[in-house]
Amino acid sequence: MSIILVSLGVGLCLFGLVGFASVIYFGFQARKQPEINSKDRKKTTFEYLIIVNYIAICLSAFGLIILILGILLT
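Residues numbered from 1 in each chain as written. Predicted model: local features only at pLDDT ≥ 70, side-chain atom pairs only at ≥ 80, totals over all residues. Heavy atoms only, no water.

A. A look at the overall build of the protein. What the protein contains, in helices and strands, is two helices and zero strands. For the protein, whose C-alpha radius of gyration is 17 Å, the value lies well above the compact-globule estimate of 11 Å for 74 residues. Counting over 74 residues, the protein shows a buried share of 26%. Partitioning the contacts of the protein with sequence separation of at least 6, the portion at a separation of at least 24 is 79%. Accessible surface, the protein: about 5,700 Å² in total, of which carbon and sulfur atoms supply 75%. (Helix = DSSP H or I, 4+ residues; strand = E, 2+ residues; numbered from the N terminus. Rg over C-alpha atoms; globule rule 2.2 N^0.38 Å. Buried < 20%, exposed > 50% of the residue type's maximum accessible area, 1.4 Å probe, protein only. Contact = heavy atoms within 4.5 Å. Areas by Shrake-Rupley, 256 points an atom, 1.4 Å probe, with all protein chains shown as cover.)

B. Seen up close, the packing of helix 1 (residues 2-32) against helix 2 (residues 39-73). Contact geometry for helix 1 and helix 2: axes closest at 7 Å, N-to-C directions at 160 degrees. As far as their axial angle goes, helix 2 and helix 1 are roughly antiparallel. Helix 2 is crossed by helix 1, and the crossing has left-handed handedness. Here the contact of helix 1 with helix 2 is built from residues that sort into 23 nonpolar, ten polar and two charged. (Axes fitted to C-alpha atoms, helices over the stretch in contact; angles between N-to-C directions. Parallel < 35°, antiparallel > 145°, perpendicular 65-115°, else oblique. Left-handed = near helix turned anticlockwise from the far one by under 90°. Nonpolar A, V, L, I, M, F, W, Y, C, P; charged D, E, K, R; others polar.)

Quick look at the structure:
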(Lines give C-alpha, C1' and ligand atoms only; values in the text may rest on other atoms or scores of the structure.)
Protein backbone atom coordinates (compact mmCIF):
# COMPACT_ATOMS: atom_id res chain seq x y z
CA MET A 1 0.00 0.00 0.00
CA SER A 2 2.76 2.44 0.87
CA ILE A 3 4.63 1.72 -2.37
CA ILE A 4 1.51 2.64 -4.32
CA LEU A 5 1.08 5.87 -2.37
CA VAL A 6 4.74 6.84 -2.76
CA SER A 7 4.73 6.17 -6.51
CA LEU A 8 1.43 8.04 -6.91
CA GLY A 9 2.81 11.00 -4.96
CA VAL A 10 6.00 11.09 -7.01
CA GLY A 11 3.99 10.88 -10.22
CA LEU A 12 1.71 13.74 -9.21
CA CYS A 13 4.70 15.86 -8.20
CA LEU A 14 6.34 15.22 -11.55
CA PHE A 15 3.16 16.10 -13.45
CA GLY A 16 2.95 19.31 -11.44
CA LEU A 17 6.55 20.18 -12.27
CA VAL A 18 5.94 19.49 -15.96
CA GLY A 19 2.89 21.74 -15.84
CA PHE A 20 4.87 24.48 -14.13
CA ALA A 21 7.65 24.19 -16.72
CA SER A 22 5.13 24.40 -19.56
CA VAL A 23 3.60 27.55 -18.02
CA ILE A 24 7.05 29.15 -17.93
CA TYR A 25 7.80 28.11 -21.52
CA PHE A 26 4.48 29.29 -22.95
CA GLY A 27 4.69 32.50 -20.93
CA PHE A 28 8.00 33.37 -22.55
CA GLN A 29 6.65 32.40 -25.97
CA ALA A 30 3.59 34.60 -25.51
CA ARG A 31 5.74 37.58 -24.58
CA LYS A 32 7.99 37.10 -27.65
CA GLN A 33 5.25 36.74 -30.27
CA PRO A 34 4.80 40.00 -32.15
CA GLU A 35 1.56 38.88 -33.82
CA ILE A 36 -0.32 39.03 -30.53
CA ASN A 37 -0.92 42.78 -30.63
CA SER A 38 -4.28 43.08 -28.98
CA LYS A 39 -4.18 43.58 -25.25
CA ASP A 40 -7.34 41.53 -24.78
CA ARG A 41 -5.74 38.52 -26.44
CA LYS A 42 -2.59 38.83 -24.34
CA LYS A 43 -4.70 39.23 -21.23
CA THR A 44 -6.69 36.06 -21.92
CA THR A 45 -3.50 34.15 -22.71
CA PHE A 46 -1.91 35.14 -19.42
CA GLU A 47 -5.15 34.42 -17.55
CA TYR A 48 -5.12 30.88 -18.93
CA LEU A 49 -1.47 30.53 -17.93
CA ILE A 50 -2.30 31.67 -14.39
CA ILE A 51 -5.07 29.07 -14.15
CA VAL A 52 -2.78 26.31 -15.40
CA ASN A 53 -0.11 27.48 -12.97
CA TYR A 54 -2.51 27.21 -10.03
CA ILE A 55 -3.54 23.73 -11.13
CA ALA A 56 0.11 22.65 -11.40
CA ILE A 57 0.92 24.02 -7.94
CA CYS A 58 -2.12 22.30 -6.39
CA LEU A 59 -1.25 19.04 -8.13
CA SER A 60 2.32 19.17 -6.83
CA ALA A 61 1.15 19.98 -3.30
CA PHE A 62 -1.38 17.13 -3.35
CA GLY A 63 1.31 14.78 -4.64
CA LEU A 64 3.65 15.87 -1.87
CA ILE A 65 0.98 15.19 0.75
CA ILE A 66 0.35 11.72 -0.67
CA LEU A 67 4.10 11.11 -0.81
CA ILE A 68 4.54 12.05 2.85
CA LEU A 69 1.61 9.85 3.86
CA GLY A 70 3.09 6.95 1.92
CA ILE A 71 6.48 7.41 3.59
CA LEU A 72 4.90 7.64 7.03
CA LEU A 73 2.96 4.40 6.49
CA THR A 74 6.13 2.37 5.90
